[in-house]
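# Analysis of the macromolecular model
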Amino acid sequence: MMFSHLDRYAGDPILSLNEAFQKDPRADKVNLSIGIYFDDAGRIPVLDSVHRAEARMLAEAGPKPYLPMEGAAATRREVQKLLFGAGHEAVTSGRTVTLQTVGSSGGLKVGADFIRRWLPGSEVWVSDPTWDNHRAMFEGAGVAVHSYPYYDPASGGLAFDAMRQTLAGLPPRSIVLLHACCHNPTGVDLTPAQWQALVPLLRERELLPYLDLAYQGYGDGIAEDAHAVRLLAASGLSFFVANSFSKSMSVYGERAGALSVVCADAAEAALVLGQLQATVRRNYSSPAIHAAGIVAHVLGDPALRASWEADVAGMRTRIQAMRRSLHGVLSARLPGRDFGYFLSQRGMFSYTGLSAAQVDRLREEFGVYLVRSGRICIAGLNTGNVERTAAAIAAVL
Ligand code: LMR
């Protein structure tokens, strides 16, 4: 018996819940657990731009060699243009390196391993709360993780002063993990003015920001949601940014993502690229050629790009409509309570303040699944289920 001493895995708070949802036999169940965009018919959309990109790839019938450790050159170029804007100095100067990675999770992990190896004294500070897997990923890489104040339950908004105070007391070279837009799990974002106010603090304290950009386009727009990336790049700070196409292109299982590191100059960037290549080689060797093709075609071809941008706008608009519906039904049913946070929070998620016991009741009695932190994925709502979901939430509140 080699393995009988193993601890039993309790499951993942998000992925295992999504699996439990799939097994639930109830026809009227509602999946608000995982961060996946469903259309109004409750399906994961296949974007026309992605479909056409794949048709081209199939028609080209090209060979499938290993990609380089850093991924496909065309894909990396397109990612840089998408994040920083065409012609940004941080890119044209050669001081930014971008790797195509196995989802943005792959990028986060490669960055975490890099930090452990090359900034061994640095510890990571994540928002309280943050995506469940952030802590696990950095701790798994051997990097200590702490949290800074972020969400203010009293207002359903940002505890910005407390956040700044904590960041102002961190040791130099601490890593500050920040959600570039559509904060997961709260939906509470910094305003452009608050981002601006962070820049001098990050610089004076010599902190190293690590942006996670997983929901680009779901907040205010594709370029608007890259605001923090462009601001930090223009400020001259060095920083990391991991970005994902899972949600924005609806290609979850393709594992399409990237990691970029903005450095002081091109010489430093060359050193960073080399060590990131080494880190990739030790992890998964090289990323996937299919994901590379989808991203390069959709972003690089003007017709596919226009179609994609229209689809992203459609997804964003539908989520905003669901926010309004949920807010409307809940406000009508429970007139004494303020549900304004559904309207002010951005992206797929809202933090409802529901307790774990209330979440359990929603699942068991009403077939409505959300994670036990009270995070709700608005993108799982549709015109057919929003009223009864709101009624179920009102019943347990
Ligand atoms: C989520 O937060 O639900 C998504 O990002 C999916 C995941 O991997 O957890």
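Provided above is the structure to which this section pertains.
Throughout what follows, the structure given in this document is the object of discussion. (Residues numbered from 1 in each chain as written. Predicted model: local features only at pLDDT ≥ 70, side-chain atom pairs only at ≥ 80, totals over all residues. Heavy atoms only, no water.)

## Overview of the overall build of the protein chain
Applied cut-off: Secondary structure is summarised from DSSP: a helix means a run of H or I of at least four residues, a strand means a run of E of at least two, and numbering begins at the N terminus for each. For the radius of gyration, the atoms used are the C-alpha atoms, and the globule rule reads 2.2 Å times the number of residues raised to 0.38. We call a residue buried when its accessible area falls under 20% of the maximum for its residue type, exposed when it is over 50%, and partly exposed in between, using a 1.4 Å probe and counting protein chains only. For this analysis, residues touch if any pair of their heavy atoms sits within 4.5 Å. In short, Shrake-Rupley with a 1.4 Å probe defines the accessible areas, and a residue's cover is counted only from the protein chains shown. Residues scored as charged are limited to Lys and Arg (positive) and Asp and Glu (negative), so that His and the chain ends carry no count. Here the site of a charge means atom NZ of a Lys, CZ of an Arg, CG of an Asp or CD of a Glu.
Each helix and strand in the protein chain was counted, giving 15 helices and 13 strands. In terms of overall size, the protein chain behaves like a compact globule, its C-alpha atoms giving a radius of gyration of 21 Å where 397 residues would be expected to give roughly 21 Å. Referenced to the eigenvectors of the C-alpha coordinate spread, the extents of the protein chain come out at roughly 60 × 55 × 55 Å. The burial tally for the protein chain puts 55% of its 397 residues in the buried class. Intrachain contacts of the protein chain at a sequence separation of at least 6 include 75% that bridge at least 24 residues. If you sum the accessible surface of the protein chain, you get close to 16,900 Å²; carbon and sulfur atoms cover 55% of it. Looking at charge distribution, the protein chain has the averaged site of its 38 positive side-chain charges lying 2 Å from that of its 38 negative ones.

## What about the pattern of salt bridges?
A side chain with one charge can pair with a side chain of the opposite charge if their charged atoms come near. Worth spelling out the cut-off: The rule for a salt bridge is simple: a side-chain nitrogen of Lys or Arg has to be within 4 Å of a carboxyl oxygen of Asp or Glu.
As enumerated under the stated definition, the model contains 15 salt bridges in all. Here Asp113 makes a salt bridge to Lys109, at a shortest N to O gap of 3.0 Å. In this pair, Asp113 and Lys109 are both assigned in helix 5 (residues 103–118), 4 residues apart and thus about one turn of the helix distant. Judged by its relative accessible area of 18%, Asp113 falls in the buried class. Among the salt bridges present, the one from Glu365 reaches Arg361, with a minimum N-O distance of 2.9 Å. On the criterion of helical spacing, the pair formed by Glu365 and Arg361 is a turn pair, its members being 4 residues apart in helix 14 (residues 356–366). Residues participating in the shared-partner salt-bridge network are Asp360, Arg363, Glu364 and Arg372.

## Re the packing of helix 8 (residues 192–204) against helix 9 (residues 227–235)
For the record, the criterion: In this description, a line fitted to the C-alpha atoms serves as the axis of each element, helices being fitted only across the stretch in contact, and the angle between N-to-C directions of two axes falls anywhere from 0 to 180 degrees. If you view the pair so one helix is near and one far, a crossing is left-handed when the near helix is turned anticlockwise from the far one by less than a right angle, and right-handed when it is turned clockwise. When residues are grouped by polarity, Ala, Val, Leu, Ile, Met, Phe, Trp, Tyr, Cys and Pro land in nonpolar, Asp, Glu, Lys and Arg in charged, and all others, Gly among them, in polar.
Where helix 8 contacts helix 9, the axes come no closer than 10 Å and their chain directions differ by 35 degrees. Every pair of crossing elements has a handedness; the one defined by helix 8 and helix 9 is right-handed. For the pair helix 8 and helix 9, the contacting residues are Pro192, Trp195, Gln196, Val199, Leu202 and Arg203 in the first and His227, Ala228, Leu231, Leu232 and Ser235 in the second. Residues that form the contact of helix 8 with helix 9 fall into these classes: 7 nonpolar, 3 polar and 1 charged.

## A closer look at helix 6 (residues 132–140)
The test is simple: Relevant arc is that of directions from the helix axis to the C-beta atoms, nothing else.
The set of residues buried in helix 6 consists of His134, Met137 and Phe138. Projected onto a plane normal to the axis of helix 6, the buried residues spread over an arc of 90 degrees and lie on a single side. Against helix 5, strand 3 (124–128), strand 4 (145–149), strand 7 (175–179) and strand 8 (208–213) lie the buried residues of helix 6. Of the residues flanking the end of helix 6, it is Gly142, one or two places downstream, whose phi is positive at about 90 degrees.

## Side note on the site of the ligand
Rules: A molecule or strand has a residue near it when one of that residue's heavy atoms lies within 4 Å. Pairing of N or O atoms within 3.5 Å defines a polar contact, subject to two protein rules: one partner must be a possible hydrogen donor and the other a possible acceptor, and residues neighboring in sequence count only if both atoms are side-chain atoms.
Ile14, Ile34, Gly35, Trp131, Asn184, Tyr215, Lys247 and Arg375 make up every residue found near the ligand. Residue Gly35 places a main-chain N or O atom 2.7 Å away from an oxygen atom belonging to the ligand. Tyr215 is positioned with one of its side-chain polar atoms (N or O) 3.3 Å from an oxygen atom of the ligand. In isolation the ligand exposes 260 Å². Once the protein is present, 82% of that is buried.

## Looking at the packing of aromatic side chains
Our working rule: Any Phe, Tyr or Trp ring, taking Trp's six-membered ring, that has another such ring centre within 6.5 Å forms a pair; planes under 30 degrees apart are called stacked, those over 60 apart edge-to-face, and the others tilted. The criterion for a charge sitting over a ring is simple: Lys NZ or Arg CZ within 6 Å of the ring centre, and within 35 degrees of the ring normal.
Per the stated rule, a full pass over the model turns up 11 aromatic pairs. When the centroid spacing of 4.9 Å and the interplanar angle of 90 degrees are considered together, the rings of Tyr151 and Tyr351 count as edge-to-face. Here the residue Tyr151 occupies a position in strand 5 (residues 151–152), and Tyr351 occupies one in strand 11 (residues 349–351), the gap between them amounting to 200 residues. Across the pair, exposure class does not vary: Tyr151 and Tyr351 are buried alike. Judged by centre distance (6.3 Å) and plane angle (20 degrees), the ring pair of Phe339 and Phe342 falls under stacked. Summarising the burial analysis for this pair, Phe339 and Phe342 share the class buried. Counting every residue linked through ring pairs, the aromatic cluster contains Phe114, Phe138, Tyr210 and Phe240. In this arrangement the basic side chain of Lys29 is found over the ring face of Phe21, its NZ or CZ atom lying 4.6 Å from the centre.

## Structural notes on the nonpolar core
Under the convention used in this document: Remark: nonpolar core denotes a set of buried residues (Ala, Val, Leu, Ile, Met, Phe, Trp, Tyr, Cys) joined through side-chain atoms within 4.5 Å.
The biggest cluster of nonpolar side chains holds 129 residues, and the ones touching the most others in it are Met163, Tyr210, Leu211, Met249, Leu326 and Met348. It is helix 12 (residues 302–333) that contributes the most residues to this core, 9 residues altogether.

## Re the side chain of Asn243
Mapping Asn243 onto the fold places it in strand 9 (residues 239–244). Other than its neighbours up to four places away in sequence, Asn243 contacts Val79, Leu83, Ser104, Leu213, Gly257 and Ala258.

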